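Single-letter residue listing:
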Amino acid sequence: MSENELELHDVGSQASVLTRYTDAMINTFGPPKRVFVRGEGVHVWDADGRKYLDLLSGLAVLGLGHAHPLVTSAIMSQLSTLGHVSNFFATPAQVELAERLTGFVGEGAKVFFANSGTEANEAAFKITRRTGRRRIISTVGAFHGRSMGALALTHNPKYREPFEPLPGDVTFVEYGDLDALAAAVDESVAAVILEPIQGENGVIVPADDYVTGAREITREHGALLWIDEVQTGIGRTGDWLAHRPGGEGIVADIVTVAKGLGNGFPIGACLATGRAADLLQPGAHGTTFGGNPVAAMAGLAVLSAIERDGLLAHVRTTGEAFAQQLRDLGHPAITEVRGRGFLLGVVLTDARAAAVSDLALDAGFVINAPRPDVLRLAPPLITTAEQLGTFVSALPGLLDAAGEPS
Ligand SMILES: *Cc1c(COP(=O)(O)O)cnc(C)c1O
């Protein structure tokens, strides 16, 4: 080994890493379920050498799967050419990614780059304050991040209440309910923030006219429409943005993306159109890492591979067939399979989702349970119908083995 290669100390077994984890890590996530050491395509391996089909993608992040060669080469070549410059300076990678992303949102969009979904939402939150109005309408069940600002927009009282007071003044209305939204929006409202599908709340899909209705209501009262596509964007639902199926539809004032954009390399983006694109001026916001050229190259690689390999169409058709196969199981513990593309929620009759998720891991499938009665499936966009089929075959046994909670 040369002096320019770094190796970890003896990795050892999963058990030994988990003991060290408990001693060294602040306990925000609870005990980890596995220690992963390697990934390739749709598979990951744990420290004991067991292989898993990754149907969660690092939480809707790894659209191209693990260790995608185009992402790896884009990152490596940028990193070995120019790794970072600060935002006193520009790089071609950053500008090209900005141009590609703005094309998804609509005419005249501009970008602020950040390092995560939360930070993209923080930038957006600051844009809304520059309207001269302060009120924000969010939705029941919404998830927008965990910083003090993003948390103020997140509904779950368990996340929010221990940290109050949070930035105001935020009102939560029922998700999917246009009448409730119309009743809440008036001339005091700076912005309405919505997810096109609520991911963390258990993959809740509103009616088709929800986002267009929200566009009309906000326009009528001069409020900004802010769509949080952090989980749903960049191909996850079979479109670049879930709120613009087929690349058409309404133009929002603000759109935030992150998870799927860097295929695991941290990057987020706040996209703004019209007057919202000019509300932040020099000095109003900033970031050290946001727009970093390595992250930008990761993003460009993701967009290029999705386009080159026709993954949007693949996700639409394969996702629909996958959902139908899960429904066709007709298992008595499944009440509904909802979602779009490769973002699905399997709704169960009772609170056995965490148990099913643990049994799935034992059986070699990574999934999760965003709610006690919902399983979430967010496989890499490259997953084949055949690979998804192995999970369809395994699910009835997992549901039976978990049984009804006592
Ligand atoms: C994950 C998520 C966020 C937060 O993104 P981070 O990258 O974890 O900061 C915000 N909004 C939605 C809809 C998300 O799913």
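For clarity, every value in this text was computed on a predicted model and none was experimentally measured. All chains use their own residue numbering, which begins from 1 and follows the written sequence. At least 70 in pLDDT is required for a residue's local features to be given in this predicted model, at least 80 for side-chain atom pairs to be given and counted, and no such filter applies to totals for whole chains, interfaces and linings, which use all residues. Computation of side-chain values: all heavy atoms of the structure, hydrogens and water removed.

**Q** Sorry if this is basic, but what is going on with the environment of glycine 132 here?
**A** Strands here are runs of E lasting at least two residues and helices are runs of H or I lasting at least four, both read from the DSSP assignment and numbered beginning at the N terminus. Tracing the sequence through the fold places glycine 132 in the loop between helix 5 (117–129) and strand 5 (135–139). Spatially, the C-alpha atom of glycine 132 lies 44 Å from that of methionine 76, the residues being 56 residues apart in sequence.

**Q** What is the right way to look at the nonpolar core in this model?
**A** Nonpolar side chains in soluble globular proteins generally cluster together in the buried interior. What makes a nonpolar core is a set of buried Ala, Val, Leu, Ile, Met, Phe, Trp, Tyr and Cys residues whose side-chain atoms join them at distances within 4.5 Å. Three exposure classes are used, based on accessible area relative to the maximum for each residue type with a 1.4 Å probe and protein chains only: buried under 20%, partly exposed in between, and exposed over 50%. Leu101, Leu326 and Phe391 are the most contacted members of the largest nonpolar core, which totals 80 residues. Here this core gets ten residues from one element, more than from any other, and that element is helix 10 (residues 293–308). Of the domains in this structure, domain 1 (14–67 + 310–402) and domain 2 (72–308) are the two that each give at least three residues to this core. Two residues form a contact once any of their heavy atoms are found within 4.5 Å. Every residue in contact with leucine 101, bar those within four places of it in the chain, is listed here: Phe113, Ile234, Leu261, Ala269, Leu271 and Leu303. Judged by nonpolar contacts, the second largest core, of 19 residues, contains Ala123, Ala124, Phe125 and Trp226. The domain boundaries here were taken from an automatic or database domain assignment.

**Q** Whenever I open this one, the side chain of histidine 68 confuses me. Can you help?
**A** Turning to its location among the elements, histidine 68 is positioned in the loop between helix 2 (57–60) and helix 3 (69–81). Taking the relative accessible area as the measure of exposure, histidine 68 reaches 11% and is therefore buried.

**Q** Just to check I follow, could you spell out the packing of aromatic side chains for this structure?
**A** In this description, an aromatic ring pair is defined by two values, namely the gap between the centres and the angle between the planes. Under the pairing criterion, centres of Phe, Tyr and Trp rings, with the six-membered ring standing for Trp, must be within 6.5 Å; the plane angle then separates stacked pairs below 30 degrees from edge-to-face pairs above 60, leaving the rest tilted. This model, assessed by the stated rule, comprises seven aromatic pairs. When the ring of phenylalanine 125 is compared with that of tryptophan 226, the centres are 6.4 Å apart and the planes differ by 50 degrees; the resulting orientation is tilted. With a gap of 101 residues between them, phenylalanine 125 in helix 5 and tryptophan 226 in strand 8 (residues 224–228) connect regions that are remote in the sequence. Overall, phenylalanine 125 belongs to the buried group, its relative accessible area being 5%.

**Q** How do you make sense of the domain arrangement of the protein when you look at a structure like this?
**A** Considered domain by domain, the protein is made up of domain 1 (14–67 + 310–402) and domain 2 (72–308). The C-alpha-based centres of domain 1 and domain 2 are spaced at 25 Å. Accessible area that two parts lose when put together, with a 1.4 Å probe and added across both, is what the buried area reports. Taken together, the two surfaces of domain 1 and domain 2 that pack against each other cover about 2,400 Å², and 55% of this comes from carbon and sulfur. A per-residue breakdown of the area domain 1 buries against domain 2 is headed by Leu312, Arg340 and Leu343, which together make up 29% of the total. Salt bridges, as used here, are contacts in which a Lys or Arg side-chain nitrogen is within 4 Å of a carboxyl oxygen on Asp or Glu. Summed over the shared surface of domain 1 and domain 2, the number is two salt bridges. Across the salt bridge formed by arginine 316 and aspartate 239, the nearest N and O atoms sit 3.6 Å from each other. For this analysis, a polar contact is any N or O atom pair within 3.5 Å, provided that within protein one partner can donate a hydrogen and the other can accept it, and provided that sequence-adjacent residues contribute only side-chain to side-chain pairs. Applying the counting rule to domain 1 against domain 2 returns 16 residue pairs in polar contact (both at pLDDT 80 or more). Where the side of domain 1 that touches domain 2 is concerned, the elements lending two or more residues are helix 2, helix 11 (311–328), strand 11 (334–340), strand 12 (343–348), strand 14 (368–371) and strand 15 (374–377). Considering every element that reaches the side of domain 1 that touches domain 2, the biggest residue donor is helix 11, with four residues. Ten residues, namely Ala, Val, Leu, Ile, Met, Phe, Trp, Tyr, Cys and Pro, are considered nonpolar, four, namely Asp, Glu, Lys and Arg, are considered charged, and the remaining ones, Gly among them, are considered polar. Tallied by class, the residues present in the side of domain 1 that touches domain 2 amount to 18 nonpolar, seven polar and five charged.

**Q** Before we go on, may I ask you to explain the sheet that holds strand 9 (residues 254–257) in this structure?
**A** Note: strands within a sheet are paired through backbone hydrogen bonds, in either parallel or antiparallel orientation. Pairing between strands requires that DSSP locate at least two bridges from one strand to the other. If you walk across this open sheet you meet the seven strands as 4-10-9-8-7-5-6, and the pairing is mixed. At either end of the open sheet lies a strand with only one pairing partner, and these are strand 4 (110–114) and strand 6 (170–173). In this sheet, adjacent strand axes meet at a mean angle of 20 degrees when their direction is disregarded. Where strand 4 and strand 10 (residues 268–272) come together, five bridges link them in antiparallel fashion. Pairing of alanine 114 across the sheet is with glycine 268, part of strand 10. Lines fitted to C-alpha atoms define the axes, with helix axes restricted to the stretch in contact, and inter-axis angles between N-to-C directions lie between 0 and 180 degrees. Helix 4 (residues 92–105) rests against strand 4, strand 9 and strand 10 of the sheet, and its axis sits at about 120 degrees to strand 4. Together, strand 5, strand 7 (189–194) and strand 8 form the strand contacts of helix 9 (residues 210–220), whose direction differs from that of strand 8 by roughly 150 degrees.

**Q** Would you mind showing me how to read a nonpolar patch on the surface here?
**A** Two distance rules govern patches: like charges are joined within 9 Å, and nonpolar side chains (Val, Leu, Ile, Met, Phe, Trp, Tyr) within 5 Å, applied only to residues with over 30% relative accessible area and no salt bridge. We get accessible surface area from the Shrake-Rupley algorithm with a probe of 1.4 Å; when it comes to residues, only the shown protein chains can shield them. Side chains of Leu8, Val11 and Val37 sit close together on the surface and give an oily, nonpolar patch of about 290 Å² of accessible area. Position of leucine 8 relative to the elements: it lies in the segment before helix 1 (14–24).

**Q** Before we go on, may I ask you to explain unusual backbone geometry in this structure?
**A** Note on backbone geometry: most residues besides glycine have negative phi, and most peptide bonds are trans. Cis geometry is found at the peptide bond from glutamate 164 to proline 165, where omega equals 10 degrees. Secondary-structure assignment places proline 165 in the loop between helix 7 (157–160) and strand 6. Following glycine 168, the chain continues into aspartate 169 via a peptide bond in cis, with omega recorded as -10 degrees. Tracing the chain through its elements places aspartate 169 in the loop between helix 7 and strand 6. Look at serine 57: it is not a glycine, yet its phi comes out positive at around 60 degrees. The topology assignment puts serine 57 in helix 2. The backbone of serine 86 sits at a positive phi, close to 80 degrees, despite the residue not being glycine. For serine 86, the location among the structural elements is in the loop between helix 3 and helix 4.

**Q** Got a minute to help me understand the sheet that holds strand 3 (residues 51–54) in this structure?
**A** If you trace the four strands from one edge of the open sheet to the other, you get 1-2-3-13, paired in mixed fashion. Either end of the sheet is taken by a strand with one partner, and the two such strands are strand 1 (36–40) and strand 13 (365–366). Pairing of strand 1 with strand 2 (residues 43–46), which is carried by four bridges, proceeds in the antiparallel orientation. Pairing of glutamate 40 across the sheet is with histidine 43, part of strand 2.

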